[in-house]
Amino acid sequence: MKKPVRVAVTGAAGQIGYSLIYRIAAGEMLGKDQPVILQMLELPMDKAQAALKGCMMELEDCAFPLLAGMVGTSDPKEAFKDADYALLVGARPRGPGMERKDLLMENAKIFIEQGRALDEAASRDIRVLVVGNPANTNASIAMKSAPSLPKKNFTAMLRLDHNRALSQLAAKASVPVADIDKLVVWGNHSPTMYPDYRFATVGGASLKDKINDEAWNRETFIPKVGKRGAAIIEARGLSSAASAANAAIDHMRDWALGTNGKWVTMGIPSDGSYGIPVDIMYGFPVVCANGEYTMVRDLPIDDYSRTMMDKTLAELQEEQAGVASMLA
Ligand code: NAX
């Protein structure tokens, strides 16, 4: 049996947390031969800590063979101590009457504190996924607050958008979802993201040629993927949780175990490729192998794509400007 690895999950007793921790403990993220120690963070309030305690009782009751230990805490340093992976799910939701700017600032405080705690306590190889919104900007803040950790080890979740786009494409083209490769979702995890299937293939042939419907792309597909989160809230009365947890598992599993050459989308700090300024946390196409991701480079960008990519970039830059004073 392998040595256990430490997986930190914040907001562990929330909606997404409740769909996530049991799957991690079952080996669905890091493999059925990889024992894990779950280190779970929740707010210090009695209600949140009681809910976390309940989640831990259920973890016990699952008797997962791969669960080698668990910690429940309200102290970020304890949650991140020696952690090999961190899934930062907990975030401040938008309250009634709260301005977008206030939401950004409240989350900046959380992710500055958690970035510092990661810097101080986590394994030097920790791989971090930020799910809590605004995910790209929160990931960028955590990265900047952890200067002793490699920047490339901070990522934001675009995988739910990627998976949503995959399903829409599979339905439109009447092909199995697993047969589609080379899809990209550029930019911010927000309705400005740009799902781009110009390079996508199905069984090696061009998916774009097969669909051959640019009006559908621009007027139906792109807005539908962008507004899917709102459509789920409208239908369920609650935001996406199972699909978000599933996407987090996909993101971390692929990063740790590889994609066998398949493209996936990850929010990663830009290295300046595709005209996206260095360190902007932006959705890019990547392939993963040996525990590392590599950006797919040199894809041709046409005028429409440039406009779409710049629009989502502008939104990210505006978010960054909104929190810049806190990082100074
Ligand atoms: P919930 O409100 O159900 O759960 C959040 C949990 O985090 C709560 O239990 C809360 O007590 C805890 N929490 C809040 N601040 C914390 C902190 N500073 N430290 C530790 N724990 C803290 O929200 P849920 O539906 O689970 O969503 C979590 C986050 O994911 C939200 O920010 C949400 O907007 C975001 N999402 C991101 C997605 C993505 O694709 N990147 C998609 C799904 C989701 O909307």
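Everything quoted here is computed from the prediction, not taken from an experiment.

Asks: Sorry if this is basic, but what is going on with the pattern of salt bridges here?
Replies: Opposite charge on two side chains permits them to pair, given that their charged atoms come into close proximity. The full count for this structure, using the stated rule, is 20 salt bridges. For the salt bridge of Asp-82 with Lys-81, the shortest nitrogen-to-oxygen distance reads 3.5 Å. Overall, the relative accessible area of 46% leaves Lys-81 in the partly exposed class. One salt bridge in this structure joins Glu-292 and Lys-152, with 3.4 Å as the shortest N-O distance. Separated by 140 residues along the polypeptide, Glu-292 in strand β14 (residues 292-295) and Lys-152 in the loop between α5 (135-144) and β6 (154-156) bring together distant segments of the chain. Its relative accessible area of 32% is what places Glu-292 among the partly exposed residues. Via salt bridges that share partners, Arg-159, Asp-250, Arg-253 and Asp-254 belong to a single interconnected network.

Asks: In this structure, what is going on with the packing of helix α1 (residues 15-25) against helix α2 (residues 46-62)? I would like to understand it.
Replies: Packed helices, taken two at a time, are described by their axes: the angle between them and the distance between them. Axis separation between α1 and α2 bottoms out at 11 Å; the angle between their running directions is 30 degrees. The orientation of α1 relative to α2 falls into the category roughly parallel. Seen from above, α1 lies across α2 with right-handed handedness. The segment α1 lies against α2, with Tyr-18, Ile-21, Tyr-22 and Ala-25 engaging Cys-55, Glu-58, Leu-59 and Cys-62.

Asks: Honestly, the site of the ligand in this entry has me stumped. Any pointers?
Replies: Around the ligand sit 23 residues in total, of which Gln-15, Ile-16, Glu-42, Val-131 and Asn-133 are the nearest. With respect to the ligand, the side chain of Gln-114 contributes an N or O atom lying 3.4 Å from a nitrogen atom. Going through the elements one at a time, α1 and α4 (100-121) are the ones with two or more residues in the shell around the ligand. Each residue belonging to the shell around the ligand can be placed in one class, and the counts come to 12 nonpolar, 10 polar and one charged. When residues of the shell around the ligand are assigned to domains, at least three fall in each of domain 1 (5-156) and domain 2 (158-322).

Asks: What is the right way to look at the domain arrangement of the protein chain in this model?
Replies: It is common to report an interface's size as the accessible area lost on association of the parts. Domain boundaries in the protein chain define domain 1 (5-156) and domain 2 (158-322). The partner domain 2 presents 37 residues to the 35 residues of domain 1 that form the contact. In total, about 2,800 Å² of surface goes out of reach between domain 1 and domain 2, with carbon and sulfur atoms giving 58% of it. On the domain 1 side of the interface with domain 2, the three residues burying the most area are Gln-15, Arg-127 and Asn-136, jointly 21% of the side's total. Summed over the shared surface of domain 1 and domain 2, the number is three salt bridges. Summed over the shared surface of domain 1 and domain 2, the result is 17 residue pairs in polar contact (both at pLDDT 80 or more). Breaking the side of domain 1 that touches domain 2 down by element, the ones donating at least two residues are α1, β4 (85-88), α4, β5 (127-130), α5 and β6. Looking at the side of domain 1 that touches domain 2 residue by residue, the class counts come to 18 nonpolar, nine polar and eight charged.

Asks: How do you make sense of the side chain of Gln-34 when you look at a structure like this?
Replies: The residue Gln-34 is located in the loop between α1 and β2 (36-41) in this model. Here Gln-34 falls in the buried class, since its relative accessible area comes to 10%. Side-chain polar atoms of Gln-34 contact the backbone oxygen of Lys-3, separated by 2.9 Å. With sequence-adjacent residues up to four places away left out, Gln-34 is seen in contact with Lys-2, Lys-3, Pro-4, Val-5 and Leu-66.

Asks: Looking at this structure, I do not really get the pairing of β5. What am I missing?
Replies: Looking along a regular strand, one sees side chains alternate from face to face of the sheet. Going residue by residue along β5, you find Arg-127 and Leu-129 tucked away on one face and Val-128 and Val-130 tucked away on the opposite face as well. As judged from the four bridges shared by β4 and β5, these two strands associate in the parallel manner. Bridging from a neighbouring strand, Leu-88 pairs with Val-130 of β5. Alignment of β5 against β6, held across three bridges, turns out to be parallel. Note on β6: the bridge partner recorded for Leu-129 is Thr-155.

Thresholds, definitions, all that
Residues numbered from 1 in each chain as written. Predicted model: local features only at pLDDT ≥ 70, side-chain atom pairs only at ≥ 80, totals over all residues. Heavy atoms only, no water. Salt bridge = Lys/Arg side-chain N within 4 Å of Asp/Glu carboxyl O. Buried < 20%, exposed > 50% of the residue type's maximum accessible area, 1.4 Å probe, protein only. Helix = DSSP H or I, 4+ residues; strand = E, 2+ residues; numbered from the N terminus. Axes fitted to C-alpha atoms, helices over the stretch in contact; angles between N-to-C directions. Parallel < 35°, antiparallel > 145°, perpendicular 65-115°, else oblique. Left-handed = near helix turned anticlockwise from the far one by under 90°. Contact = heavy atoms within 4.5 Å. Near = heavy atom within 4 Å. Polar contact = N/O pair within 3.5 Å; in protein donor to acceptor, adjacent residues only side chain to side chain. Nonpolar A, V, L, I, M, F, W, Y, C, P; charged D, E, K, R; others polar. Domains from an automatic or database assignment. Buried area = accessible area lost by both parts, 1.4 Å probe. Pairing = 2+ DSSP bridges.

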